[in-house]
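What follows is each chain in one-letter form.
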Amino acid sequence: MLTPPPSGSLSPPHPSLLEQGVMVVDDSELQRNLLMSILRMLGITHIHEACDGESALALLGQPAVSPAIIVVDLEMPGMDGIELLQLLAERGLRASILVVSGAESAILAAVGTMAEALGLQLLGTLPKPLSYLAVSNMMTRFYAQHRQSRHATPGQRPGASPPPDGAAVTADSLIAALDDGRVVPYYQPVVSLKTGKVLGFEALARLVTTTGKLILPGNFIELAEQQGLIDRLTLAIVDHVLADLGTWHSRGLYPSVSFNVSARSLSDREFANEILRRVDAADISPRSLVIEVTESAVVSDLASAIGTLGRLRLRGFGLAIDDYGSGFSSMQQLSRLPFTTLKIDRTFVSNAHQKWNLQTMLQSAIEMGHRLGLVTVAEGVETMEEMMLLESLGCQCVQGFLLSPAMAAAAVPVWLRQEKARIRALCGEAM
């Protein structure tokens, strides 16, 4: 028998759940009734039910049936859950999908990956038998995803902004932005899981249009590489970072700041000299700065990369290998360069608490970082479940939307003052 939580402990259902409801597709009447009881405890009363895939498709064909969430059991007679998901993807379904099954965890994880590859909005996967807590956590995730994506266009990650007026960034508009000082860093905090303290920030490039809109780096970094503008862009970010650090220091704030450097820049011997000249002129300690490089950047010109990064490390800069695990030569690069930080790619973090194979890879990366004396930082943390898993595996630091999106430099002191207690509480819950 299910016992409801204490009175007042439930958050009110999201408006879309109240209006559109949830569809439960499961051939077991007992399992359907169990899940519907849990949903009602959570305040969700608008529930559709179907005993198989064919019935679910028929219901979805009715104009009045447009659920916000569809719960799909995998093992059903006739049309199984996998085929149903494939057909839902063909129909361009916009509902969030929650996959449930009593099958082994590897199958559940594989189906979750398939759903994402099909373009479905995967809410998550849950093993049977279902529990109140597991379903409640999924509803909480739905609320969080909805808040992050309500202003985003389909297929766009939370926080992304399209180019102005829907047009792509051109070489001329990028040059104009650099000339006008409109390529600026936005800062995303890096937080210690053990203490909840903000240890530093990653500087992420943003192009500000003449109308004040923000363009994310995915829309202009490759162009900068192609047009030979990447050194200029990186140095523009460095100039802003040094100025911001000077302002923060005057207010008694001394965070570290990391910034990304491309393969093209690493291959230029003069690039390190230019960085060093600017840091010296700003009177900022190199120990306040961390240079992030990807595996591919190191591999493309190994000799030059070692020379540039080695010189900067000698002067006191920190070195981080970014997006660790996204390439094929991670361990080799870690042995060749004097890295201080290992940043684990978000693809290994996202929903890892539900995927045993990702958990194994995460644990391996974290343990390797510890053995090499590196600070381990997990990127792209968006849920409490992900943060709790990372804490249990011994990861030292996290960054991601759960803690904060990237923010303008002027917002950093205010954010630190206002969010200090919330961040420490989040880290306390993860322990």
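Numbering of residues starts from 1 in every chain and runs along the sequence as written. Given that this is a predicted model, residues contribute local features only at a pLDDT of at least 70 and side-chain atom pairs are listed and counted only at 80 or more, while totals for whole chains, interfaces and linings are drawn from all residues. Side-chain numbers here rest on the full set of heavy atoms in the structure, without hydrogens or water.

For the protein chain, an unreviewed UniProt entry supplies the name EAL domain-containing response regulator and the organism Uliginosibacterium silvisoli.

Draft legend 1. Inspection of helix α11 (residues 269-282) at higher detail. Along α11, the positions that sit buried rather than exposed are Phe271, Ala272, Ile275, Leu276 and Val279. All buried residues of α11 project into a common sector of 135° when viewed along the axis, lining one side. In α11, the exposed positions that point more than 90 degrees away from the buried face belong to Arg269 and Ala281. Measuring from the backbone nitrogen of glutamate 270 back to the side-chain oxygen at the start of α11 gives 3.0 Å, which picks out aspartate 268 as the cap. One or two residues past the end of α11 sits aspartate 283, with phi positive at roughly 55°. Categorising residues by exposure relies on relative accessible area from a 1.4 Å probe, with only protein chains included: less than 20% of the type maximum marks a residue as buried, more than 50% marks it as exposed, and the intermediate range marks it as partly exposed. Strands are runs of DSSP state E lasting at least two residues, helices are runs of H or I lasting at least four, and both sets are numbered from the N terminus onward. What the arc describes is the spread of directions from the helix axis to the C-beta atoms. N or O atoms closer than or at 3.5 Å make up a polar contact, with two conditions inside protein: a donor-capable atom paired with an acceptor-capable one, and, for residues adjacent in sequence, both atoms drawn from side chains.

Draft legend 2. Focus on the pairing of strand β4 (residues 96-101). In terms of burial, β4 is largely enclosed, as six of its six residues are buried. Burial of β4 is two-sided: the residues Ser96, Leu98 and Val100 facing one way and the residues Ile97, Val99 and Ser101 facing the other way are all buried. Here, the term right-handed applies to a crossover whose path from the first strand over the helix to the second runs clockwise when the strands point away from the viewer. As a crossover connection, the stretch from strand β3 (residues 69-73) through helix α4 (residues 81-90) into β4 is right-handed. Only when DSSP finds a minimum of two bridges between them are two strands counted as paired. Two elements, β4 and strand β5 (residues 121-127), share six bridges in a ladder whose sense is parallel. Within β5, the residue paired with leucine 98 across the bridge is glycine 124. As for the winding sense of the linkage, the β-α-β connection from β4 through helix α5 (residues 105-117) to β5 is right-handed.

Draft legend 3. Representation of the state of the cysteines. Disulfides are defined as pairs of cysteine sulfur atoms found within 2.5 Å of each other. On inspection of all chains with the given rule, the structure shows zero disulfides. Of all cysteine sulfurs in the structure, the one in cysteine 397 sits closest to cysteine 395, which takes part in no disulfide; the separation is 7.0 Å.

Draft legend 4. The nonpolar core, seen in detail. Counting 77 residues, the largest nonpolar core has Leu174, Tyr187, Ile275, Ile291, Leu362, Met387 and Leu390 as the members making the most contacts within it. At ten residues, helix α9 (residues 230-250) tops the list of elements feeding residues into this core. A contact between two residues is defined here by any heavy atoms of the two lying within 4.5 Å. Aside from chain neighbours lying at most four places away, what touches leucine 390 is Leu193, Val349, Leu362, Ile366, Ala378, Val381, Cys395 and Val398. Joining through side-chain atoms within 4.5 Å is the link that ties buried Ala, Val, Leu, Ile, Met, Phe, Trp, Tyr and Cys residues into a set, and such a set is a nonpolar core. One finds Leu85, Leu93, Leu108 and Ala115 within the second-largest nonpolar core, a separate group that totals 25 residues.

Draft legend 5. Representation of the side chain of threonine 383 within the structure. Structurally, the position occupied by threonine 383 is in the loop between β13 (375-378) and α16 (384-392). Excluding its chain neighbours within four sequence positions, the residues that come into contact with threonine 383 are Arg141, His353 and Leu402.

Draft legend 6. Expanded view of the UniProt feature "modified residue: 4-aspartylphosphate" (unreviewed entry) in the protein chain. As annotated in UniProt, the feature "modified residue: 4-aspartylphosphate" (unreviewed entry) corresponds to Asp73 in the numbering used here. Following the sequence through the fold, aspartate 73 ends up in strand β3. On the accessibility criterion, aspartate 73 (3% relative accessible area) is buried. Ignoring any residue separated from it by four or fewer positions in sequence, one finds aspartate 73 in contact with Val25, Asp26, Asp27, Gly81, Val100, Ser101 and Lys128. UniProt positions are given in the numbering used here, feature names are shortened, and annotations may be inferred rather than shown by experiment.

Draft legend 7. Structural view of the packing of aromatic side chains. The rule is short: rings of Phe, Tyr and Trp, with Trp giving its six-membered ring, pair when the centres are within 6.5 Å, and they are stacked under 30 degrees, edge-to-face over 60, tilted in between. Taken as a whole and assessed by the stated rule, the structure comprises three aromatic pairs. Judged by centre distance (6.4 Å) and plane angle (85°), the ring pair of tyrosine 187 and phenylalanine 201 falls under edge-to-face. Here phenylalanine 201 lies in strand β7 (residues 198-208) and tyrosine 187 lies in strand β6 (residues 183-192), a separation of 14 residues in the sequence. Judged by relative accessible area, which is 2%, phenylalanine 201 ranks as buried.

Draft legend 8. Representation of the side chain of glutamine 31 in the model. Among the secondary structure elements, glutamine 31 is positioned in helix α2 (residues 29-41). Excluding residues that lie within four positions of it along the chain, glutamine 31 makes contacts with Asp26 and Lys128.

Draft legend 9. Fine view of the sheet that holds β3. With parallel pairing, the five strands of this open sheet are ordered in space as β2-β1-β3-β4-β5. In this open sheet, the two edge strands, each paired with only one partner strand, are β2 (47-50) and β5. When the angles between neighbouring strand axes are averaged without regard to direction, this sheet yields 15°. As a rule, the C-alpha atoms of each element are fitted with a line to give its axis, helices using only the stretch in contact, and angles between N-to-C directions run from 0 to 180 degrees. α2 rests against β1 (22-25), β2 and β3 of the sheet, and its axis sits at about 170° to β2.

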